[in-house]
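If you want the building blocks of each chain, they are given just below.
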Amino acid sequence: MSRICCQEISKSFGPAHVISDLDLEVPDGAIVVILGESGSGKTTLLRMIAGFERPDLGTISIDEELVDSARQFVPPEKRRIGYVAQEGNLFPHLTVAKNVAFGMPRRQRRTGQVETLLELVGLSHLGGRYPHQLSGGQQQRVALARALAPDPKVVLLDEPFSSLDAGLRASLRFDVARILRAQRATTILVTHDQSEALSVADLVGIIDAGRIRQFDRPEILYERPVDRKVAQFLGEANIVAGSASGGTVDTPLGRLELAQPDRSLRGGCLVLVRPEQVSLQPLGERLPVPVPDYATGQVVHREYYGHDCVVLVDLNGNGCQIRVRCPGRPPIEIGDRVTIHAHANVTAWLAPDVEPA
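Here goes a summary of the coordinates provided. Residue positions are given per chain, counting from 1 as you read along its sequence in written order. With pLDDT at 70 or above as the cut-off, local features in this predicted model cover only qualifying residues; side-chain atom pairs require 80 or more to be listed or tallied, and sums for whole chains, interfaces and linings still use all residues. Side-chain figures throughout are based on the complete set of non-hydrogen atoms in the structure, without hydrogens or water.

## Considering the overall build of the protein
Stage number 1. Broken down by element type, the protein carries nine helices and 20 strands.
Stage number 2. For the C-alpha atoms alone, the extent of the protein along its principal axes is close to 75 × 45 × 35 Å.
Stage number 3. Buried residues in the protein amount to 50% of all 357 residues.
Stage number 4. The method behind every accessible area is Shrake-Rupley, applied with a 1.4 Å probe, and residues are considered shielded solely by the protein chains displayed. Approximately 17,100 Å² of the protein is accessible, and the part contributed by carbon and sulfur atoms is 48%. The secondary structure listing takes helices from DSSP runs of H or I that are at least 4 residues long and strands from runs of E that are at least 2 residues long, numbered from the N terminus. Summary of the burial criterion: residues with accessible area below 20% of their type's maximum are buried, those above 50% are exposed, and those between are partly exposed, where the area comes from a 1.4 Å probe applied to protein chains only.

Following this line, the structure appears as structure tokens:
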């Protein structure tokens, strides 16, 4: 078991409160991503789990062992943690193989474990090279192999892909997740990249101002965020005013069904409608399926990405603009009149001071 448990931990640097009464429980063998903006406290949290910083209050346990409290402290080198920094931090004067072997006991270096790890990360042919002879992605693979070399209980990754270009970042995070799952390593990765968090994590924690706002499976966070701030941080979000009653909500898009957890909601509210939950057709064109309610508007902007496009529609006369995600090539032009309707249940939050549009 390599469960991590942080209970009511707090950390300040001078007058700045970085972590405040934070609770976090990471299951054994899970890949957990802590997602937050710069300055939200995510790296400080990681460094406290590693033992590089100490909490002012609270406790941290790893594998049921108390490693940090007011009365007890286990130093970083005794915690059996593999740590991968943003830049990898390889030793420039050592070869790839010697970098990986650095933290191993001598007897383990002679068993072929270095070669096994290099093969695991896809670098078995590069053991004799030096870090400056590698690409950024290859350096991060070496850093991961070095972190896994001492057979750690826990692997911590501090924004390990942020310095890479977008294409390499996507492919490398897939490979890293595959490797970590093959090793059944309990992992915490911190990042500010939403797609990174949603694509690799078993569980995601949204951290803001030193607190975990929501901790759940990626699909739950995306589909049922606890508040507007979490919703907008996890991708594009249309937030519209509404009035809820009896499991439905009246919005500028018409009357929509509420998601099951929100069926007791009544009164003024804010409603989340993701761009992919909305469809549009040229005005006057028959809808592909009958819909209970819809709105009309005019296209004022569009963005084409190849695999899909995003269209901004200004709804008639109420000052509301809706982003719509469409597959492939844009079906309309700027200035076209369109029919627009939502085709999925929506999430809403009570907001009594909101005046429905």
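That covers the picture; the talk isn't over yet.
## What about the sheet that holds strand S16 (residues 295-304)?
Stage number 1. In this analysis, strands are considered paired if DSSP registers two or more bridges between them. Ordered by their spatial adjacency, five strands build an open sheet running S15-S19-S16-S17-S18, and the pairing between neighbours is antiparallel. The open sheet has two edge strands with one neighbour each: strand S15 (278-282) and strand S18 (321-327). Recorded for the sheet is a direction-independent mean angle of 45 degrees between the axes of neighbouring strands.
Stage number 2. Of the strand pairs in this sheet, S16 and strand S17 (residues 308-315) are connected by seven bridges, and their pairing is antiparallel. Residue pairing across strands places Gln298 opposite Asp314, the latter belonging to S17. As a rule, the C-alpha atoms of each element are fitted with a line to give its axis, helices using only the stretch in contact, and angles between N-to-C directions run from 0 to 180 degrees.

## Comments concerning the packing of helix H5 (residues 136-148) against helix H6 (residues 166-183)
Between two packed helices, the angle of one axis relative to the other and the distance separating the axes together describe the packing.
Stage number 1. One way to put it is that H5 packs onto H6 with a least axis distance of 11 Å and a crossing angle of 15 degrees. Considering their axes alone, H5 and H6 lie roughly parallel with respect to each other. Where H5 crosses over H6, the two elements pack in a sense that is right-handed. When H5 is examined against H6, the residues Gly137, Gln140, Arg141, Leu144 and Leu148 are found in contact with a partner set consisting of Leu168, Leu172, Asp175, Val176, Ile179, Leu180 and Gln183. An angle below 35 degrees is read as roughly parallel, one above 145 as roughly antiparallel, one from 65 to 115 as roughly perpendicular, and any other as oblique. Helix crossings are classified by the rotation of the near helix relative to the far one: an anticlockwise turn of less than a right angle makes the crossing left-handed, while a clockwise turn makes it right-handed. Working rule for contacts: check all heavy atoms of both residues, and any pair within 4.5 Å makes them a contact.

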